[in-house]
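Okay, here's what each chain looks like letter by letter:
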Amino acid sequence: MNPNDTENQTINPQAETANGAETVTAAESQADPIAVLEAEKADLKDKFLRLMADMENLRRRTEREVADARTYAVANFARDMLNVADNVRRAIESVPEEARAGAEGAFKGLIEGIDLTERDLLKTLERHGVKKLEPQGQKFDPNVHQAMFEVPNPDVPNGTVVQVVQSGYVIGDRVLRPALVGVAKGGPKAPANGAGSETADNSSSAS
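(A) Spatial organisation of the nonpolar core. Ranked by size, the top nonpolar core spans 11 residues in total: Tyr-72, Ala-75, Ala-78, Leu-82, Ala-85, Leu-121, Leu-125, Val-130, Tyr-169, Ile-171 and Leu-176. Only helix 2 (75-93), helix 4 (105-127) and strand 4 (169-171) provide two or more residues apiece to this core. Among the elements that line this core, the one with the most residues is helix 2, at four residues. Discounting chain neighbours no more than four positions away, the residues touching Ala-85 are Leu-121 and Tyr-169. In this structure, Phe-140, Ala-179, Val-181 and Val-183 belong to the second largest nonpolar core, which totals six residues.

So, in structure tokens, the structure goes:
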């Protein structure tokens, strides 16, 4: 028997095993592209969904910024115009009620003209989102009011605005200028808990 034959017989099982492994590997390699494609598909889908979410957030943020810009773009100009509104109001209040009631001729026309100017000014400001606060008789609100002093008055709830020193204004949902007010002290407790203490704290700080 030729030694080479024995050697060939010894090698043949290993060769068969190697060939079998190559067959399995080839079969696995044929299945791998599908798994790879599925993984890539899932990854791309995840990236797409994240991108869509980012774009939606960007769209909402842009819309909010545009809306804020439209609402508050005139804030600085409106704040400057408040001095004009204050001066018009001072002009009206400088005329006593008796004089207004008995006014005739040019003087009556002047008073009516000032009243009309104030109404038109307030309407113009309101068209641009600026509204005048009317705190008289309302409960003190530290968010829109600034307490200047306290007025002893047992007839109204404690913390009620009983005097307006200077009118306040808001633009949109922001305070353009808080109203300077005097608040009642010594009456029954205000309906909301803590309103009296807030009033006292603000009044003390104002003093």
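Back to the text.
(B) Summary view of the sheet that holds strand 3 (residues 161-166). In space, the three strands of this open sheet follow the order 2-6-3, with mixed pairing throughout. One side of each edge strand has no neighbouring strand; the edge strands of this open sheet are strand 2 (145-152) and strand 3. Across the sheet, the axes of successive neighbouring strands diverge by a mean angle of 30 degrees, strand direction being ignored.

(C) Quick peek at the confidence of the model for the chain. For the chain, mean pLDDT is 81; residues scoring 70 or higher make up 76% of the total. With pLDDT under 50 throughout, residues 193-207 is counted as low confidence; its partners more than four residues away or in other chains account for 20 contacts.

(D) View of the sheet that holds strand 5 (residues 174-177). Spatially, the three strands line up as an open sheet ordered 1-4-5, and their pairing is antiparallel. Every other strand in the sheet has two partners, leaving strand 1 (130-132) and strand 5 as the edge strands with one partner each. Across the sheet, the mean angle separating the axes of adjacent strands is 35 degrees when strand polarity is ignored. Examined bridge by bridge, strand 4 and strand 5 share three bridges and lie antiparallel to one another. The partner of Val-170 across the bridge, within strand 5, is Val-175. Set on the sheet, helix 2 makes contact with strand 1, strand 4 and strand 5; between it and strand 5 the angle comes to about 45 degrees. Strand contacts of helix 4: strand 1 and strand 4, with the helix running at about 135 degrees to strand 1, the strand carrying the most contacts.

(E) Here's a closer look at helix 4. Given a rise of 1.5 Å per residue, 23 residues ought to cover 33 Å, and the 33 Å separating the end C-alpha atoms of helix 4 matches this to within 8%. Ile-111, Asp-115, Glu-118, Leu-121 and Leu-125 are the residues of helix 4 that are buried. Of the surrounding elements, those touching the buried residues of helix 4 are helix 2, helix 3 (97-101) and strand 1. Backbone geometry just after helix 4 places Gly-129 at a positive phi near 90 degrees.

(F) View of the pattern of salt bridges. For the structure on display, the rule yields 10 salt bridges. Glu-56 is the partner of Arg-59 in a salt bridge, and the nearest nitrogen-oxygen pair spans 2.4 Å. Linking Arg-59 with Glu-56, this pair stays in helix 1 (residues 3-72), spanning three residues, or about one helical turn. Overall, the relative accessible area of 38% leaves Arg-59 in the partly exposed class. Given the relative accessible area of 28%, Glu-56 is considered partly exposed. Measuring nitrogen to oxygen at the nearest pair gives 3.5 Å for the salt bridge that ties Glu-150 to Lys-185. A residue pair is termed long-range when its members are at least 10 positions apart, and Glu-150 in strand 2 and Lys-185 in strand 6 (residues 179-185) qualify at 35 residues. Glu-150 gets classed as partly exposed once you look at its relative accessible area, which sits at 28%. Judged by relative accessible area, Lys-185 falls into the partly exposed class, the value being 47%.

The rules behind the values
- Residues numbered from 1 in each chain as written.
- Predicted model: local features only at pLDDT ≥ 70, side-chain atom pairs only at ≥ 80, totals over all residues.
- Heavy atoms only, no water.
- Core = buried A, V, L, I, M, F, W, Y, C linked by side-chain atoms within 4.5 Å.
- Buried < 20%, exposed > 50% of the residue type's maximum accessible area, 1.4 Å probe, protein only.
- Helix = DSSP H or I, 4+ residues; strand = E, 2+ residues; numbered from the N terminus.
- Contact = heavy atoms within 4.5 Å.
- Pairing = 2+ DSSP bridges.
- Axes fitted to C-alpha atoms, helices over the stretch in contact; angles between N-to-C directions.
- pLDDT = per-residue confidence, 0-100.
- Expected span 1.5 Å × (residues − 1).
- Salt bridge = Lys/Arg side-chain N within 4 Å of Asp/Glu carboxyl O.

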